[in-house]
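Each chain is listed here by its residues.
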Amino acid sequence: MTAKILIYDTIIVGGGVTGFASAMYAARLGLKVMVIAESLGGTIALANAVENYPGFINITGFELAEKIRNHAMEYPIDLEEDRVVHIKRDENSLFVLTTMDRKTIHSKTIIFATGTKLKELNVPGEKKFLNRGVHYCALCDGGFYKGLNVAVIGGADSACMDALLLTQYAAKVYIIYRKDRLRPEPVTYNRIVKHPKIEIIYKTNVKEIHGDTKIDYLQLDNFHNGSDKLKIDGVFIAIGHTVLSDLAKELSVELNDKNEVVTDKNAQTNIPGFFAAGDVTNGMFKQVITGVGEGVHAAYSSYRYVTGTKFEYY
Ligand code: NDP
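Residues numbered from 1 in each chain as written. Predicted model: local features only at pLDDT ≥ 70, side-chain atom pairs only at ≥ 80, totals over all residues. Heavy atoms only, no water.

Draft legend 1. How the structure looks around the overall build of the protein. Of the regular secondary structure elements, the protein holds seven helices and 17 strands. Taking the principal axes of its C-alpha atoms as reference, the protein extends roughly 75 × 40 × 30 Å. Taken over 314 residues, the protein has a buried fraction of 49%. Considering only contacts in the protein between residues 6 or more positions apart, those separated by 24 or more positions represent 59%. Carbon and sulfur atoms form 51% of the exposed surface of the protein, whose accessible area is close to 16,000 Å². Each charge class in the protein can be summarised by its mean position, and for the 36 positive and 36 negative side chains these summaries are 2 Å apart. (Helix = DSSP H or I, 4+ residues; strand = E, 2+ residues; numbered from the N terminus. Buried < 20%, exposed > 50% of the residue type's maximum accessible area, 1.4 Å probe, protein only. Contact = heavy atoms within 4.5 Å. Areas by Shrake-Rupley, 256 points an atom, 1.4 Å probe, with all protein chains shown as cover. Lys, Arg positive; Asp, Glu negative; His and termini not counted. Charge placed at Lys NZ, Arg CZ, Asp CG, Glu CD.)

Next comes the structure, spelled out in structure tokens:
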């Protein structure tokens, strides 16, 4: 006699806003749902201010992620805080997930919402001063720099929002950007260029982070005010993210040249039953609101796959 196994209708891999929005819809559609994630919150949890999620004029990323998760968990969702290390498909077309804690979990569908991880600069001194001068979260660590001088590396939304937040504490905030015009949302750009505490250093990269017991200066690859050394007390790195799609690749899910999972507008991939949503996909505009929307599409596609329904929910 073979032992009975529990088979989920859908397993959502990823504990960010996309994953939980998807889980909520899947559970409301009556599917048996599990969310597996190594950590909860996702990258938005590090954003110091989200001003473009409808319904919230200004909210921290952490609070928004928590609200979405708590909302989802009002429904019957199994939550497993663990890392998925393999996904394969068995002879019955079930997805079989293996976790770091050596659990084996079966599901009819997968909603892949693993998102991205923060990129490191990979320069000497970065590891040495980690959390002692080198930071990746202005919201978490900005308060250590009251009256001091800091630099933010990067030139898009995260870097610019971090720089604005840091002006609340620091005496001076440099933005060091490798190109010649910052590229955040226009509303943010206008605030940055007018801000008296912010100075932008264009066409420049950081080559090294120097110091003995604490950071002394950044070695730049270009001259600024006659020197290629910039004296600062702390540096915040906000240079984007690496897509976490390796598990999908193992299953031969189609990826594009940026390693993003290729999906259609219904969150379907080339593998039947394997759906993907949020920052891990090839979606053009990566925002909380788009991730949440894609997660909802994935839940509905999963529902249709599991039930074989032709019923349209619109
Ligand atoms: P992005 O990938 O959009 O930008 C990364 C920035 O870092 C770019 O300016 C890039 O330069 C620069 N960069 C990348 N690698 C290096 C390197 N090795 N050395 C120096 N500079 C480097 O990441 P973000 O985190 O800013 O944004 C990710 C997504 O999240 C975006 O879609 C953004 O809109 C969204 N977001 C939304 C927020 C909100 O809604 N409030 C807040 C924060 C992010 P280059 O310009 O040359 O490519």
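Draft legend 2. Highlighting the sheet that holds strand 14 (residues 227-231). Reading across the sheet, the three strands line up as 12-13-14 and stay open at both edges, with antiparallel pairing between neighbours. Bordering the open sheet on either side are strand 12 (206-211) and strand 14, each of which pairs with just one other strand. Each strand axis lies, on average, 30 degrees off the axis of its neighbour in the sheet, ignoring direction. Pairing of strand 12 with strand 13 (residues 215-224), which is carried by five bridges, proceeds in the antiparallel orientation. Looking at strand 13, one finds that Ile209 is bridged to Leu218. (Pairing = 2+ DSSP bridges. Axes fitted to C-alpha atoms, helices over the stretch in contact; angles between N-to-C directions.)

Draft legend 3. Here's a closer look at the state of the cysteines. Tallied over the full model, the rule gives one disulfide. The side chain of Cys137 participates in a disulfide bridge whose partner is Cys140; the two sulfur atoms lie 2.0 Å from each other. Its S-S torsion of about 75 degrees marks the bond between Cys137 and Cys140 as right-handed, since a negative value means left-handed. Cys160 takes part in no disulfide bond, and the closest cysteine sulfur to it belongs to Cys137, at a distance of 16 Å. (Disulfide = S-S within 2.5 Å.)

Draft legend 4. Spatial organisation of the site of the ligand. Contacts to the ligand come from 19 residues, most closely from Asp157, Ser158, Tyr177, Lys179 and Arg183. Contacts to the ligand include Lys119, whose side-chain N or O atom sits 3.2 Å from a nitrogen atom. Within the contact set of the ligand, an oxygen atom lies 2.5 Å away from a side-chain nitrogen or oxygen of Asp157. In the complex, the protein chains occlude 82% of the 910 Å² of accessible area that the ligand would expose alone. (Near = heavy atom within 4 Å. Polar contact = N/O pair within 3.5 Å; in protein donor to acceptor, adjacent residues only side chain to side chain.)

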